[in-house]
Structures are given as C-alpha cells and as structure tokens.
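Next come the chains, spelled out residue by residue.
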Amino acid sequence: MPTESQSPYLPFGENKNASWYGKDILSVKQFNRADLEYIFGVAHEMRGMVERIGTFDLLKGKILANLFYEPSTRTSSSFTAAMERLGGSVIPINEVKYSSVTKGESLTDTVRTLECYADVIVLRHPETGSAAIAAKAAKKPVINAGDGIGEHPTQALLDTFTIMEELGRLDNLTVTMLGDLKYGRTVHSLARLLSLFKVKLNYVSPDILRMPKEVMDEVAAKGIPQAEYSTLEKVLPETDVLYVTRVQKERFEDPAEYEKVKGAYVIDPEIMKAAKQEMIVMHPLPRVTEISMDFDDDPRAAYFRQMEYGLYVRMALLAMVLGKA
Ligand code: NCD
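All values derive from a computational prediction rather than experimental measurement. Residue positions within a chain follow its written sequence, with the count starting from 1. For a predicted model such as this one, the threshold for reporting local features is a pLDDT of at least 70, and the threshold for listing and counting side-chain atom pairs is 80 or more; totals across whole chains, interfaces and linings nevertheless cover every residue. In computing side-chain properties, one takes all heavy atoms of the structure into account and sets aside hydrogens as well as water.

Caption draft 1: Representation of the side chain of aspartate 159 within the structure. For aspartate 159, the location among the structural elements is in helix α5 (residues 153–167). For every residue, the accessible area (1.4 Å probe, protein chains only) is compared with the maximum for its type, and the residue is labelled buried under 20%, exposed over 50%, or partly exposed between those bounds. Charged residues are defined here as Lys and Arg on the positive side and Asp and Glu on the negative side; His and the ends of the chain fall outside this count. In the sections that follow, a salt bridge refers to a side-chain nitrogen of Lys or Arg positioned within 4 Å of a carboxyl oxygen of Asp or Glu. The buried charged residue aspartate 159 lacks any salt bridge partner; its closest oppositely charged side chain belongs to arginine 314, at an N-O distance of 7.8 Å. Think of a polar contact as two N or O atoms within 3.5 Å of one another; within protein, one of them needs to be a possible hydrogen donor and the other a possible acceptor, and neighboring residues in sequence only count if both atoms come from side chains. There is a polar contact of 2.8 Å between the side chain of aspartate 159 and the side chain of glutamine 306. Not counting chain neighbours up to four residues away, the residues in contact with aspartate 159 comprise Leu190, Tyr243, Met282 and Gln306. The helix count covers DSSP runs of H or I at least four residues long, the strand count covers runs of E at least two residues long, and both are numbered beginning at the N terminus. Throughout, a residue-residue contact means that at least one pair of heavy atoms, one from each residue, lies within 4.5 Å.

Rendered as structure tokens:
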C-alpha cells in the first residue's frame, strides 16, 4: 500500500475541501481542460494501482447505490467493479421492476430513499433531464449514467481518456462520429467535451439520424469546425478517431423508420483499408451489426480496451466525489 507521500492523487483521509467533494456529475458542460487533466491523472493512478495490487481500501466503508431504469452491462458493472476495487460496496437496483418503482414510486422518492443507505448514487433513466431532477432532490452526489437521449458524461470522460491513452493527445485530431447521432447520448456528450480541444468533427449519419442542432450550435460556439456527411468514404482517410455507434432501436417511435436505417453502415476490414494505420476505432458498445467481428483483431480496434479504461475513470470519479482524490 503506498503512503500519501507516494501519490499526489490519493490522500488517505477524506478531504472535504477537495474541489469535487460532494459534487454531482450530470453533464460534460461541468468540465474544463484542467479538470480533464486532473481526472486523467487520477484514472492513470487507478490503473497503476489495479495492475499492481488489484483491490485497495480507498473507499472502505462507502456504499454506492447503482440505480438503473434502463438496460446496461458495461456502465452498471464497471461502476460496481470500480466501487469494489476501491474497497467499497454496492446496492444494485438493475431491475427496477422488482423495486417500489413498479408500485408507482417517483424518481425523487426513490433517490431520497437510497441516499439514506448510500454515499453516492449512480442513475440511468430514460428521460432527458432526470439526473438533474434526482440531483436536486438528493443531498448526496448523483452521477448521471445516461439520461435518455440527453447525456452520458462518464462515457465521454472514458472516451476522451481512451483517446489520450491510445493516441497521446486530444488536440489536432479529426474525429468522425458514425451512425445514430440523433438518439445516441454518448456522441452528444463526446462532441461537447471534445470542443474543449483543437479538433475537427465529422458527423456521418442517415439523414433522419443527424446530430441535433442544439449540440452542433454549442460546439460551433467554441469555434470547432464540423461537417455532416451521409457516407463515410470521403472522410475515412483523414480520420484519427472513428467513433461508431449503434442505431438506438428503443428510441424510435416508428419501427418502420428503424428498419430503413438499421444496417446503414458496417465497418469491416475491407472498408478500413482506406483508413490510416495510426488511428483508432471506438464504440461505446453494445454493437449490433455496425462493426464486423472480423475487424476485432485489427490493432486499430480500440473498443475492448476502451471498456477497460472506463473502469479506471469511474474509480477516479467515485474517489473524487467522495473526497478521496
Ligand atoms: C451506450 C448507452 O447506454 O448510451 N452504452 C454504454 O453506456 N456503453 C450506448 C448504447 O446503448 O448504444
């Protein structure tokens, strides 16, 4: 176990004056470049600790309530793993159908209940703005793990951490987002977060799934060049990060519309011949058909490594809001 003097990031007492102590994490709009540098520093430290000793007691005695009103594999299990690797424990409510939510309990009452038992609440909910509502009702920190088509800030943090670890920089990059840019909350958060850096953003999507104007306007206000396309061909050769997304079937009102666009793009080894050798392909996962499994062994396929980086970023965020980083 390192002593405090060995690590500038992980103090062993609770620091109530730390700038992230007790804070909610609701939107990427909360972060500036210095914050990201700090989070990445802590995440990097977490990675070293996990590799060296696996589990350690930084959050011993702390409890996380993992409240998921929508399906999740990675986000929910990586928050659980993050808490347990830090020596804390978890109240899992992954199936709200077995909780009092089915009896008609409101989100705010559920959150007020859970904060009696837990120190931090991670919430995924189908409605945009729900995390902010929960945070207003709760005294304990609330972390947004996806609010409908709104935001997914912890995913964008792990996505930018992945780019940093894999390519060594966030400036001077061309990032191409592909697929469902309308309903995909991960790209809404990622485009906003990347606008803190000197990037060029390409959006490739079917016409009915274009990036929302609201997000594009915010990004444009930061002076970031953005361009929209319906095919990948033209932009693939210049792309440093290809961020592929799933068409969000569950968000379509008309199933016929989903059928029209579901297989719009498929990344495979043949298509990737036109891309640089020094670039990465990312995906928040789950994938359906948009990246062929034949591509998984290509060194540019970063999506499995991306999941692992997520553990370290979520460990960092939990330590920060609980005053331990
Ligand atoms: C994403 C989500 O839930 O927004 N998944 C995730 O958290 N890694 C992406 C998706 O569901 O397509």
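That covers the picture; the talk isn't over yet.
Caption draft 2: How the structure looks around the site of the ligand. Around the ligand, a shell composed of Thr75, Arg124, His152, Gln155, Arg185, Thr186, Arg246, Gln248, Pro284, Leu285 and Pro286 is seen. One nitrogen or oxygen atom from the side chain of threonine 75 is found 2.9 Å from an oxygen atom belonging to the ligand. Interatomic distance of 3.2 Å between a side-chain N/O atom of glutamine 155 and a nitrogen atom of the ligand. Reported accessibility uses the Shrake-Rupley method at a 1.4 Å probe radius. Residues are deemed covered only where the shown protein chains occlude them. In the complex, 93% of the free accessible area of the ligand, which totals 320 Å², lies under the protein chains. Residue classes follow a fixed rule: Ala, Val, Leu, Ile, Met, Phe, Trp, Tyr, Cys and Pro count as nonpolar, while Asp, Glu, Lys and Arg count as charged, and any other residue, Gly among them, counts as polar. Residue composition of the shell around the ligand, by class: 3 nonpolar, 5 polar and 3 charged. Shared between two domains, the shell around the ligand takes at least three residues from each, and those domains are domain 1 (28–152 + 308–321) and domain 2 (154–302). What makes a residue near a molecule or strand is one non-hydrogen atom of that residue sitting within 4 Å of it. For the domain bounds, the source is a domain assignment made automatically or taken from a database.

Caption draft 3: Broad picture of the sheet that holds strand β7 (residues 226–229). In this scheme, strands are said to pair when DSSP sees at least two bridges between them. Pairing within the open sheet is parallel, and its 5 strands lie in the order β7-β6-β5-β8-β9. Whereas interior strands pair on both sides, the edge strands pair on one side only; in this sheet they are β7 and β9 (280–282). Strand-to-strand, the axes of this sheet are offset by a mean angle of 20 degrees, without reference to chain direction. Bridge count for strand β6 (residues 199–204) against β7 is 4 bridges, and the pairing is parallel. The partner of valine 204 across the bridge, within β7, is tyrosine 229. A fitted line through C-alpha atoms represents every axis, and for helices the fit uses only the stretch in contact; the resulting angles, taken between N-to-C directions, go from 0 to 180 degrees. Of the strands in this sheet, β6 and β7 touch helix α7 (residues 213–221), which is tilted by about 145 degrees from β7.

Caption draft 4: View of the domain arrangement of the chain. Segmentation of the chain into domains returns domain 1 (28–152 + 308–321) and domain 2 (154–302). Here the C-alpha centroids of domain 1 and domain 2 sit 25 Å apart. Tallying the contact residues gives 32 residues for domain 1 and 28 residues for domain 2. Joining two parts hides part of their accessible area as seen by a 1.4 Å probe, and the buried area is that hidden amount summed over both. In this assembly, domain 1 packs against domain 2 so that about 2500 Å² is buried in total across both faces, 61% of it on carbon and sulfur atoms.

Caption draft 5: Structural context of unusual backbone geometry. Across the junction of leucine 285 and proline 286, the peptide omega takes the value 10 degrees, indicating a cis bond. Along the polypeptide, proline 286 turns up in the loop between β9 and α9 (303–321). Even without being a glycine, asparagine 172 presents a positive backbone phi close to 55 degrees. By the element assignment, asparagine 172 lies in the loop between α5 and β5 (173–178). The phi dihedral of leucine 285 is positive, around 65 degrees, even though this residue is not glycine. Residue placement: leucine 285 occurs in the loop between β9 and α9.

Caption draft 6: Seen up close, the sheet that holds strand β1 (residues 63–68). Taken in spatial order, the 4 strands of this open sheet run β2-β1-β3-β4, and their pairing is parallel. Edge positions in the sheet fall to β2 (89–93) and β4 (142–147), since each of these pairs with one other strand and no more. Put simply, the sheet's adjacent strands are angled 15 degrees from each other on average, direction ignored. Helix α4 (residues 130–137) rests against β3 (120–125) and β4 of the sheet, and its axis sits at about 160 degrees to β4.

Caption draft 7: Up close: the pattern of salt bridges. A complete count under the given rule lists 22 salt bridges for this structure. One salt bridge connects glutamate 259 with lysine 262, and the closest N-O pair in it is separated by 2.9 Å. What makes glutamate 259 partly exposed here is its relative accessible area of 45%. Given the relative accessible area of 39%, lysine 262 is considered partly exposed. For aspartate 298, the salt bridge is made with arginine 300, and the minimal N-O distance between the two is 2.9 Å. Members of the salt-bridge network, linked through shared partners, are Lys29, Glu151, Arg192, Glu214 and Glu218.

Caption draft 8: Looking closely at the nonpolar core. Within the largest apolar cluster, 70 residues are counted, with the highest numbers of intra-cluster contacts made by Met46, Met177 and Leu201. Top contributing element to this core by residue count: α9, with 11 residues. Viewed by domain, this core spans two of them, domain 1 (28–152 + 308–321) and domain 2 (154–302), each represented by three or more residues. Once you skip the residues sitting within four places of it in the chain, leucine 201 turns out to touch Val175, Met177, Ala191, Leu194, Val219, Ile224, Pro225, Gln226 and Ala227. As used here, the term nonpolar core means buried Ala, Val, Leu, Ile, Met, Phe, Trp, Tyr and Cys residues forming a set that is joined through side-chain atoms within 4.5 Å. Leu242, Val244, Val281 and Ile291 belong to the second-largest nonpolar core, a separate cluster that totals 18 residues.

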